[in-house]
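Working through the structure, step by step
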Amino acid sequence: MDLAEVAAETLAGIRARGTFRRMRVLEGAQAPRMRVDGRDVLLFAGSNYLDLARHPELVEASARAAREIGCAAGGSRLISGNLGVHEALEQELAKFFETEAALAFNSGYAANLGVIPALVGKGDAVVSDALSHASIIDGCRLSRADVLVFPHGDLAALETVLRDAARDHRRVLLAIDGVYSMDGDVAPVAEMVAAAKRHGAIVLLDDAHGTGTLGARGRGSAELCGVTSGIDVLLGTLGKGLGSYGAFVVGTHALRELLVNVARSFIFSCALAPPQVAAAHAALDLLRREPWRRERLQGNAARLRARLAARGVDTRPSTTHIVPVFFGASDAAMAACERLLERGFYAQGIRHPSVPEGTARLRLTPMATHREDEIDALADAVADEVARSR
């Protein structure tokens, strides 16, 4: 069988299941309004939550780095790519999160694929939530550790799984998300960390969607939940709330040295490009100076949830800037997505395999800079689609 036959056979199965994907074409800067597939629309499907990706200070920092250093690092960090801008960003990240050290990765996905196998292996166990992000799932697979999954957010089940894992394994890692990317709920981080420590487990918190957007100072879900210690590995992203690209891990000096030496996705990847690094550095400064951005973001999300609730639309369990509206059937969610696009709103439909069967939804993500009338218009349009589907 040649490649064309393999592709045709696989894609035919995907189409038959109704899960065939295609990429939309977006034009313009990531902003509240963009052009999507040739239409001018309000964007409610992105992760540029604080609207920093086009901020003049990030743009200038990025351009300056490109002019002075170039557009590429030119190699992996362990050969020729470890630039001063990388070290400066990592020092600033460690300072921001009040940890000893930080290490940048090329993406959040790459970070989990590198970090989890660096911490556990054969004979060990990873304990993970049923709704863990795909990068955590794949990092667990690569580690060759036993993977023990507990029902989403179930603290009693977590306690039991941790107890059994500690009894039967050499080393245990609890790997959790801070904000669940398709449901918009925040993990009970304090209770989960306390349970892990009772059973001697290492804690990894992937806070990709909480970085910059949650907490009094933008330090994420742990800060929001009042957790000041017990998280051994905190993973965040530069490409969502911080408006750049890449990811990072913060923790102890020992953790950084371990990852530099054994995390394959770090060792064998070209380093982040200087313009991206400089933009992320500028974003950290803006997080400190402009707290109104995360306040407005959460205010817009709360307004959206409230207006939908007033129209009889349930967005639970969301408490954050990720607001799901459930349709159940994939075809209903995707049809609503297309009709909303025609009405001037880009709110992406999400279906299996990205979410469990029967839980297809619209995933709404407002930005800090959406106006109140824009939030209200989206809520009313979505409510109309929900009513139509009933």
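Just so you know, these numbers come straight off a predicted model, no measurement behind them. (Residues numbered from 1 in each chain as written. Predicted model: local features only at pLDDT ≥ 70, side-chain atom pairs only at ≥ 80, totals over all residues. Heavy atoms only, no water.)

Next up on the list: the overall build of the protein. Along the backbone of the protein there are 14 helices and 14 strands. What you see for the protein is a C-alpha radius of gyration of 21 Å, in line with the 21 Å of a compact globule of 390 residues. For the protein, the C-alpha atoms occupy an extent of roughly 55 × 55 × 55 Å along the three principal directions. For the protein, the proportion of its 390 residues judged to be buried stands at 52%. Summed over all atoms, the accessible surface of the protein reaches about 16800 Å², with 53% contributed by carbon and sulfur. (Helix = DSSP H or I, 4+ residues; strand = E, 2+ residues; numbered from the N terminus. Rg over C-alpha atoms; globule rule 2.2 N^0.38 Å. Buried < 20%, exposed > 50% of the residue type's maximum accessible area, 1.4 Å probe, protein only. Areas by Shrake-Rupley, 256 points an atom, 1.4 Å probe, with all protein chains shown as cover.)

As a further point, take the packing of aromatic side chains. Going through the model one piece at a time under the given rule, you end up with 3 aromatic pairs. On the basis of an interplanar angle of 40° and a centroid distance of 5.5 Å, the ring pair of Phe97 and Phe248 is categorised as tilted. Placement of Phe97 in the loop between helix H3 (84-96) and strand E4 (101-105) and of Phe248 in strand E10 (residues 247-251) is noted, with a sequence separation of 151 residues between them. The residues Phe97 and Phe248 share a single accessibility class, namely buried. Through successive ring pairs, a cluster of aromatic residues spans Phe96, Phe97 and Phe248. Seen from the ring of Phe20, Arg15 lies directly overhead, with NZ or CZ sitting 4.1 Å from the centre. (Phe/Tyr/Trp six-rings, centres within 6.5 Å; stacked < 30°, edge-to-face > 60°. Lys NZ or Arg CZ within 6 Å of the ring centre and 35° of its normal.)

The strand order across the open sheet built from 3 strands is E11-E14-E13, with neighbouring strands paired in antiparallel fashion. Bordering the open sheet on either side are strand E11 (323-328) and strand E13 (349-350), each of which pairs with just one other strand. One ladder, built from 5 bridges, connects E11 with strand E14 (residues 360-364); its direction is antiparallel. Counterpart to Val323 in the pairing with E14 is Leu364. Where helix H13 (residues 330-342) meets the sheet, it contacts E11, E13 and E14, and its direction lies at approximately 35° from that of E14. Contacts between helix H14 (residues 372-389) and the sheet are confined to E11 and E14, with E11 contributing the most and set at about 15° to the helix. (Pairing = 2+ DSSP bridges. Contact = heavy atoms within 4.5 Å. Axes fitted to C-alpha atoms, helices over the stretch in contact; angles between N-to-C directions.)

A separate point is the pairing of E4. Burial analysis of E4 places 5 of its 5 residues in the buried class, the great majority of the element. Across the two faces of E4 the burial is the same, with Ala101, Leu103 and Phe105 and Ala102 and Ala104 all buried. Relative to E10, E4 runs antiparallel, the two sharing 5 bridges. Considered in E10, the bridge of Ala101 is made with Gly251.

Within this structure, the stated rule accounts for 40 salt bridges. Put simply, Arg289 and Glu57 hold a salt bridge, and the shortest N to O gap is 2.8 Å. A residue pair is termed long-range when its members are at least 10 positions apart, and Arg289 in helix H11 (residues 274-289) and Glu57 in helix H2 (residues 56-68) qualify at 232 residues. Relative accessible area serves as the criterion here: at 41%, Arg289 is assigned to the partly exposed category. Judged by its relative accessible area of 33%, Glu57 falls in the partly exposed class. Note that Arg67 is salt-bridged to Glu60, the shortest N-O span being 3.1 Å. Judged by relative accessible area, which is 36%, Glu60 ranks as partly exposed. Through salt bridges with shared partners, a single ionic network connects Arg303, Arg307, Arg311, Arg339, Arg343, Glu372, Asp376, Asp380, Asp384 and Glu385. (Salt bridge = Lys/Arg side-chain N within 4 Å of Asp/Glu carboxyl O.)

Attention now moves to helix H7 (residues 189-198). Buried within H7 are the following residues: Val189, Met192, Val193, Ala195 and Ala196. In a view along the axis of H7, the buried residues occupy a sector of 160°, so they form one face of it. Just past H7, the residue Gly200 takes up positive phi, approximately 70°. (Arc of directions from axis to C-beta.)

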